[in-house]
Amino acid sequence: MDGTANPWLRADIGIRADRIAAIGRLTNAQARTTIDAADRLVTPGFIDVHSHAAEGLLRQQLRQGQPLLAQGVTTIVANPDGGGNVDLAVQRASLDQGGIGPNVALLIGHGSVRTAVMGSANRAPTADELEKMRGLVRRGMQEGAFGLSSGLFYTPGSYATTNEVIALAAAAGEYGGLYTSHIRDEADYGIGVAAAVDEVIRIADEAHVIGIVTHMKALGPDNWGLATSLTKRIDDARARGVQVFADQYAYEASSTSLRAALLPGGIPVPGEGDRAMRTEIEPVVRENLRRRGGAAAIVIAFYRADPSLEGKSLAQIAQARGVPAEAAALDLLARGSVSIVSFNMSEADIEHIMRQPYTMTSSDGGLVLAAEGKPHPRDYGAYARKLAVYVRERHTISLESAVRSMTTLPAAVFGIKDRGILREGAFADIAVFDPAKIRDRATYTEPHQLAEGMSFVLVNGIVVVDEGKFISALPGRVLKK
């Protein structure tokens, strides 16, 4: 199944060094190594267009990225949401130095660029500051970035006007780069999700670049059912010639920081003894808890100040302490940063977004050690889950469409040349699996479980998974646009 959404066909694949040398009936060909893929599907290796795994790949124990390879992911796109290193040459060297399992494509982050030039200033840049930011974006593109990412919901991205982002996206566009955004509002915190999608469309249109609504969703019960309206906006934009796409992870829960969820826009966290400020802020926290589905819908993923709370809901913590949920939330924040899993999407919206031909697959996942917290299961299962649940069990989309959303579509949108497709001359990033057996095992309560069912995985022609077992190889590369 070559990734183009064509039906499967039976063929042999010959690999020489890091490339596919031949596809067809290769009965008489000689090979040093032969993999028998009979009764299994052979696809391009999957591309994760929104990944937080680059930081984990720098840790010695995680450099192979086994949770990614176990799902067939052979390339990740790093530095999403406006974050990451401003100096991509340094980041590239750090990844190259110790070797990595999957390939990594880098983005240059708007938030990081803004911080480098303006610090945490909540204002528009001066003409000189804007030019300095454009210079950093250009440098990132010259160092191989595939485009500009933004996180306009988070500070300092939320301080930026649309015009500022257009100017920086246009700088990326000078080098063929795209623009991908954690949009300004995925719910109804401020401008609302519809206006936030419109903003991506405007930026793509006026900067003359591809625009991506990344990890697209309609967040919170108040917004359930809006997916059809959001995709119509994209359909209308595409009909008039604006290049707009989306990506998505197939879970009903998202993950972010408790502070971003309950105190967005840079609202300060009151100290434990600051009663006046807490009294003023508690109604804001209470409303944002309601907006995300209530305290029972928020589960602690990481909390260094008290790891015993990881895996518990905010409702359980509040009940145990005999305080309102908003007070419990502020108590946690006063002692340190908190990562959460937040159950706030509707299945109908998830399936509608998934069916769109411009929706790529992503994970929004990271790489952590098995002893670290209760992370979102997307770290381990996003791709396997889509194939198991939404293709095999629910028939939401076809297997061909799912594979396309993980391979040729992201490769085409990001301009990742000679990857994401099975054809002669392409890099030999390949996944081999039985579609009836692939499945995610990571759950919200027990997330540290590798996906299963992937028989073989090759990265740049090197086998990294052999009959379901990892081979100690680090053949991944940091790619350049």
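Rules used in this analysis
Residues numbered from 1 in each chain as written. Predicted model: local features only at pLDDT ≥ 70, side-chain atom pairs only at ≥ 80, totals over all residues. Heavy atoms only, no water. Core = buried A, V, L, I, M, F, W, Y, C linked by side-chain atoms within 4.5 Å. Buried < 20%, exposed > 50% of the residue type's maximum accessible area, 1.4 Å probe, protein only. Helix = DSSP H or I, 4+ residues; strand = E, 2+ residues; numbered from the N terminus. Contact = heavy atoms within 4.5 Å. Pairing = 2+ DSSP bridges. Axes fitted to C-alpha atoms, helices over the stretch in contact; angles between N-to-C directions. Salt bridge = Lys/Arg side-chain N within 4 Å of Asp/Glu carboxyl O.

Undergrad: I tried to follow the nonpolar core on my own but got confused; where do I start?
TA: Side chains that are nonpolar tend, in soluble globular proteins, to be buried together. Of all hydrophobic cores here, the largest spans 70 residues; its most connected members are Phe 46, Val 104, Val 137, Leu 148, Tyr 179, Leu 387 and Phe 433. For this core, the element with the highest residue contribution is helix H14 (residues 378-393), accounting for seven residues. With near-sequence residues (within four places) excluded, Leu 387 lies in contact with Phe 46, Arg 392, Leu 399, Ala 402, Met 406, Phe 433 and Ile 438. Residues Ile 47, Ala 196, Leu 230 and Ile 353 belong to the second largest nonpolar core, which totals 35 residues.

Undergrad: What is the right way to look at the sheet that holds strand S6 (residues 103-106) in this model?
TA: Two modes of strand pairing occur in sheets, parallel and antiparallel, and in both the strands are linked by backbone hydrogen bonds. Spatially, the three strands line up as an open sheet ordered S4-S5-S6, and their pairing is parallel. This sheet does not close on itself; its edge strands, each paired only once, are strand S4 (46-48) and S6. Between one strand axis and the next, the sheet turns by 20° as a mean value, whatever way the strands run. By the bridge criterion, three bridges tie S4 to strand S5 (residues 73-78) in an arrangement that is parallel. In the sheet register, Ile 47 faces S5, and the bridge partner there is Thr 75.

Undergrad: What should I look at first to understand the pattern of salt bridges in this one?
TA: Oppositely charged side chains can pair when the atoms bearing their charge come close. Scanning the entire structure with this criterion turns up 33 salt bridges. Ionic pairing is found between Glu 186 and Lys 217, a salt bridge with its closest N-O pair at 3.2 Å. Remark: Lys 217 occurs in the loop between strand S10 (211-213) and helix H8 (227-239) and Glu 186 occurs in the loop between strand S9 (178-182) and helix H7 (193-207); sequence separation between them is 31 residues. Assigned by exposure class, Glu 186 and Lys 217 land together as buried. The network of salt bridges with common partners includes Asp 188, Asp 222, Glu 287, Arg 290 and Arg 291.

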